[in-house]
Structure formats: structure tokens, C-alpha cells
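# Survey of secondary and tertiary structure
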Amino acid sequence: MARKMLNDGELSQPNQEEQTHFDFDLFVIGAGSGGVRAARFSANFGAKVGICELPFHPISSEVIGGVGGTCVIRGCVPKKILVYGASFGGELETDEILRLNGIYKRLLSNAGVKLYEGEGKIVGPNEVEVTQLDGTKLSYSAKHILIATGSRAQRAPIPGQELAITSDEALSLEELPKRAVVLGGGYIAVEFASIWRGMGSTVDLLFRKELPLRGFDDEMRAVVARNLEGRGINLHPRTTIKELIKSEEGVKVITDHGEEIVADVVLFATGRAPNTKRLNLKAVGVEVDQTGAVKKTVFGGQPCKPDYRDVPCAVFCIPPLSVVGLSEEQAIEQGKGDILVFTSSFNPMRNTISGRQEKTVMKLVVDAETEKVLGASMCGPEAPEIMQGIAVALKCGATKAQFDSTVGIHPSSAEEFVTMRSVTRRVAAASSNPKTNL
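The name that an unreviewed UniProt entry assigns to the protein is Glutathione reductase, with the source organism given as Citrus sinensis.

### Thoughts on the pairing of strand S19 (residues 339-346)
Most of S19 sits out of view: six of its eight residues are buried. Sheet topology places S19 next to strand S20 (residues 360-367); eight bridges connect them, and they run antiparallel. The residue of S20 that forms the bridge with Phe342 is Leu364.

### Overview of the pairing of strand S3 (residues 24-29)
Within S3, five of the six residues are buried, which leaves it mostly tucked inside the rest of the structure. Looking at chain direction, S3 and strand S7 (residues 137-147) are connected through five bridges and run parallel. Among the inter-strand pairings, Phe27 is bridged to a residue of S7, identified as Ile145. By the bridge criterion, four bridges tie S3 to strand S4 (residues 49-53) in an arrangement that is parallel. Bridge assignment links Leu26 to a residue of S4, and that residue is Val49.

### Things to note about the sheet that holds strand S21 (residues 373-379)
An order of S17-S18-S21-S20-S19-S22 is seen for the six strands of this open sheet, with the pairing classed as antiparallel. Of all strands in the sheet, those bounded by a partner on one side alone are strand S17 (313-315) and strand S22 (425-427). Sheet twist, expressed as the mean angle between neighbouring strand axes with direction ignored, is 15°. With six bridges connecting them, S20 and S21 associate as antiparallel partners. By the bridge assignment for S21, Val366 is matched with Val373. Across the sheet, helix H7 (residues 218-230) is in contact with strand S18 (321-325), S19, S20, S21 and S22; its angle to S21 comes to roughly 5°. The strands touched by helix H11 (residues 383-395) within the sheet are S17, S18 and S21, with S21 carrying the most contacts at an inclination of about 175°.

What counts as what
Residues numbered from 1 in each chain as written. Predicted model: local features only at pLDDT ≥ 70, side-chain atom pairs only at ≥ 80, totals over all residues. Heavy atoms only, no water. Buried < 20%, exposed > 50% of the residue type's maximum accessible area, 1.4 Å probe, protein only. Helix = DSSP H or I, 4+ residues; strand = E, 2+ residues; numbered from the N terminus. Pairing = 2+ DSSP bridges. Axes fitted to C-alpha atoms, helices over the stretch in contact; angles between N-to-C directions. Contact = heavy atoms within 4.5 Å.

This is the structure in C-alpha cells:
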């Protein structure tokens, strides 16, 4: 049967499928943040929507998950709660995850979305099969099928890998580890290293590159590394784990340099893999897209594509790093002319109470010819809260002159973004040599 497919933000012409009856206009496999949002907003456009999700459990597998997905249950939300706790050096207990799981279910119900608890598979061009907890199989037809199954943490393929944990288990530990080894240099590795160190653990962070957070602005990566060391985390650049061995003292970590570290917990933060293995995707083509574009294009009559420009993000290390737009290296690589770099470094007011000597660093990358602000970065307290507003300005195409003409809120860290008048350096396009992949 011919299907209506979403291609480059446009819909193909109506065909025989328009006259075919389906149980649902849209069936979503996966009720994480993306799937729930797609289902709710599609229903608000008048679509009849069904969604399925695996039964709830804090540690995911191919057969367990939960409404809310990684972000709510075993990712962003519980991680940030622990960051709050670590910032004050205390222990934290909360029912927030179960509360949010319930909220997501109510949001679906209030939008008129039918929720099925079980494993969803594609069994035909317009057919989804849901296996319920008791083994009963339900089959539904849908004009459109959206895959929103997310991903799952992976373990490094080394001897003794079963002795390590992933971020799922790290969020469900019954006791705080006194000694922790973290393998990885990305978001998750840096964040858990900060959390455990903030709660008093001895932490060793091992990563392959010279600096953590590959892909971010190199200058800001160096700031984060300096802060991690300043807070007592032992950094091991250009290092990986060769083997894990169980011993009476704990888990013995053998590095590729021959170094031995004994830990209570070893965390692998070495990447994630998509949860698509059991979906039977080879059977049929399905629509896989950003949920915002799907709901507007298919049900809202507003054909569109996802816009990946100027997407803000944050790393919730302590203190956090947040960025939007281009890094200095990306601006050099993509630009056709010179760029101007503005930076500011200062000791935030809150540090006058604690006595901590830890600088907040801010940075703007500007096109020298047009004065358009190409990128912004900040590492310091409340960086993500501040960067969200900066992201709006970049999305609107703000220039450095418009930043300069904005009155700052005093006293605040945020005002530094509108008071950086002096150019730190000008990078000529012809002589540029970006320091990527450190």
C-alpha cells in the first residue's frame, strides 16, 4: 500500500491511502519527552493518536523503560537534582521522578492520547503490534508511525566490563561511593564526576583527548578542566581503561598506561546506542524526524523542517558550562572573513562568601564585518539560565552593537554579556589555525 511520507518538510500528494480507514492517524512508539510532545500536539491538531511505552523501571533495557523516557527517569532531571545536592555537599532523597512520570501520563490523557503499556513493533506498512505485560498482543493500524524510542547507555567492550555501571545504575545507587572512576569525556562523564566529588567522593576522570568535552569551544573546555581540577577531581587525559578486575579492595582499574586505580564504582560514560534493535525497522519505511516538524507538517498544515541553528545547550558540571551558536573554532572554519573574540573573566559575587577562587568566564564570537554575534559561551554559576536568554538574541540575529546598547542588570553576572567593549583578539581568516580535537 502506498504511504504518505514526510520528505524534506513536504508531504507527497494524496493517494488511495486517504480513503483507507485506520485505527489511528498517528501511532508513536516511545513515550519519552519527544514522543509525548509529538503525541500531545498532534492530538491538539485533531489527530487520533495512540502511543506505547515499556513498563516503568529506573534502569532501562530492551523490555523496560517508562513514560517520560531517559530525560525524566534516568537522565536530565534526576542528574540535575543530584547536581543541586552536590552543590551543597549534602545527600538528597526525592520522589520527583515518580511524580514526573505521573504528570507525563496525565498530559497524554488530557490531550486525548491513548496510552498502551508494552513493547511496540512495526509489523506492516501501517501496522503496529503492542505486546502487553501479560504477553497479550494488540495490533493497530495507523496512517503515520513515529519512532521515538530514544537510546540506551553502552558499556565499553573490555575485559571485566560487567564490573562497571552506566548512568542508569549511577542514578540508582543505594550508597555514595567513596572512590569513583569515570571513563569518558562527554556531558555525562563530566557531570557525574562533579556530582560525586561535590558529595565528598574521591574521583578519577579518564578521557581520550587532551581536554574533556570534545566539540565545545576549546578555550571553554580548558576552563572546565581547570575547574574540575580545582575542585579536587583527578584528571587523566589521553587515557582509557584496558581491564577491570574484581579484588578484595574493590574494582581494580588497569589503564592503557599501566596505572592501577582501585574504586568502589566504575562508571562507563562512553556513548549511547539507539533503541531500535527490536522494532523490525527493516520491514517498512517509517517516519523518523524531529517531533516538532512532524506534528506541524503532518497534522498542522505547516510544512517545515527542523532548525538546528543556534540551539543552546548546557553541561551541568559544577560550575556549569552553557553555549549557543558557534564556537571560536567553528566560526573560523565556517567563516569567510575575520572574527572578533570578546572575553570576560571575574570572580562571581557568591564566591566572596565561600572564599572560593574560581573564575566565571564569558565569551562572544562576532563576525568582524557584519558585527553579528555568531556564538556565546559561559562557564560559571547559573550559566544555563543566562544562556537561554542569549539564545533568543542569537536566534533573532543580534549584533554586537545591539548587545552593547542593552542596559545590564546590576549587580549580576549576566550584565557582563552587554558590557564587553574591548576586543580580546581578532582572528584573520587567512591566517586562522583552529585548535580542534584537543
